Amino acid sequence: MTGKWVRVANLSELPAEGLGHSVKAEGLDLALFRWNDRVWAIEDLCPHLGFPLSEGIMQAGEVICSWHGWHVRLEDGTCRRERERAKVWECRVQGDEVFVKFEFGGF
Ligand code: FES
């Protein structure tokens, strides 16, 4: 499987921990969150009915969707009580730039 790192945002654009930031990259909608001194990238689409996760509140590594309150983990996209999951991507910060690794092929 090959991957490509894509710059998606400046770190200084991201709100404080707890709030999300939506970006578009590689034709996808992503929600970025600060947590544990890192930046996390998750699909900006709630696995329940598709509300933007970037509008949710993040607590202890889980995004709580603003619509019906599903809890979605930043680490792996799993949901607390349901089997559905959101896609997540590897993230890294260099200086003020946030990069996300998009994987291609290998399925
Ligand atoms: S759309 Fe997110 S909990 Fe229903």
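Above this text sits the structure in question.
Here the structure is a predicted model, which is why all the values come from computation and not from measurement.

> For this particular structure, what's the right way to read the packing of aromatic side chains?
Given two aromatic rings, one states the distance between the centres and the angle between the planes to describe the pair. Within the structure shown, the criterion is met by three aromatic pairs. Consider the rings of Phe51 and Trp67, whose centres lie 5.8 Å apart with planes at 50°: the pair is tilted. With Phe51 in the loop between β4 (38–43) and β5 (57–59) and Trp67 in the loop between β6 (62–64) and β7 (71–73), this pair connects stretches of sequence that are 16 residues apart. Here Phe51 falls in the partly exposed class, since its relative accessible area comes to 26%. Judged by centre distance (5.9 Å) and plane angle (55°), the rings of Trp89 and Phe102 are tilted. Remark: Phe102 occurs in strand β9 (residues 97–104) and Trp89 occurs in strand β8 (residues 88–94); sequence separation between them is 13 residues. As far as burial versus exposure is concerned, Trp89 and Phe102 are alike and both buried. A cation over a ring is seen here: Arg92 above Phe99, with NZ or CZ 5.8 Å from the ring centre.

> Please explain the side chain of Asp44 as it appears in this structure.
Along the chain, Asp44 falls in the loop between β4 and β5. Lys24 provides the closest opposite charge to the buried, salt-bridge-free Asp44, at an N-O distance of 8.3 Å. Within polar-contact distance, the side chain of Asp44 engages the backbone nitrogen of Ser54 at 2.7 Å.

> Would you explain the pattern of salt bridges in this entry?
Pairing is possible between side chains that carry opposite charge, provided their charged atoms lie close to one another. With the rule as written, the count across this model stands at seven salt bridges. In this structure, the salt-bridge partner of Glu26 is Lys4, at a minimum N-O distance of 3.4 Å. Highlighted residues: Glu26 in the loop between β2 (20–25) and β3 (28–35) and Lys4 in strand β1 (residues 2–10), separated in sequence by 22 residues. On the basis of relative accessible area, Lys4 is assigned to the partly exposed category, the value being 39%. A salt bridge links Asp76 to Arg73; its shortest N-O distance comes to 3.4 Å. Among the residues examined, Asp76 registers a relative accessible area of 26% and is labelled partly exposed.

> Hey, could you run me through the sheet that holds β5 in this one?
Sheets are built from strands paired through backbone hydrogen bonds, the pairs being either parallel or antiparallel. An order of β5-β6-β7 is seen for the three strands of this open sheet, with the pairing classed as antiparallel. The sheet terminates laterally at β5 and β7, the two strands that pair on one side only. Adjacent strand axes in the sheet meet at a mean angle of 30° when their direction is disregarded. Bridge analysis of β5 against β6 gives three bridges, and the strand direction is antiparallel.

Thresholds applied
Residues numbered from 1 in each chain as written. Predicted model: local features only at pLDDT ≥ 70, side-chain atom pairs only at ≥ 80, totals over all residues. Heavy atoms only, no water. Phe/Tyr/Trp six-rings, centres within 6.5 Å; stacked < 30°, edge-to-face > 60°. Helix = DSSP H or I, 4+ residues; strand = E, 2+ residues; numbered from the N terminus. Buried < 20%, exposed > 50% of the residue type's maximum accessible area, 1.4 Å probe, protein only. Lys NZ or Arg CZ within 6 Å of the ring centre and 35° of its normal. Lys, Arg positive; Asp, Glu negative; His and termini not counted. Salt bridge = Lys/Arg side-chain N within 4 Å of Asp/Glu carboxyl O. Polar contact = N/O pair within 3.5 Å; in protein donor to acceptor, adjacent residues only side chain to side chain. Pairing = 2+ DSSP bridges. Axes fitted to C-alpha atoms, helices over the stretch in contact; angles between N-to-C directions.

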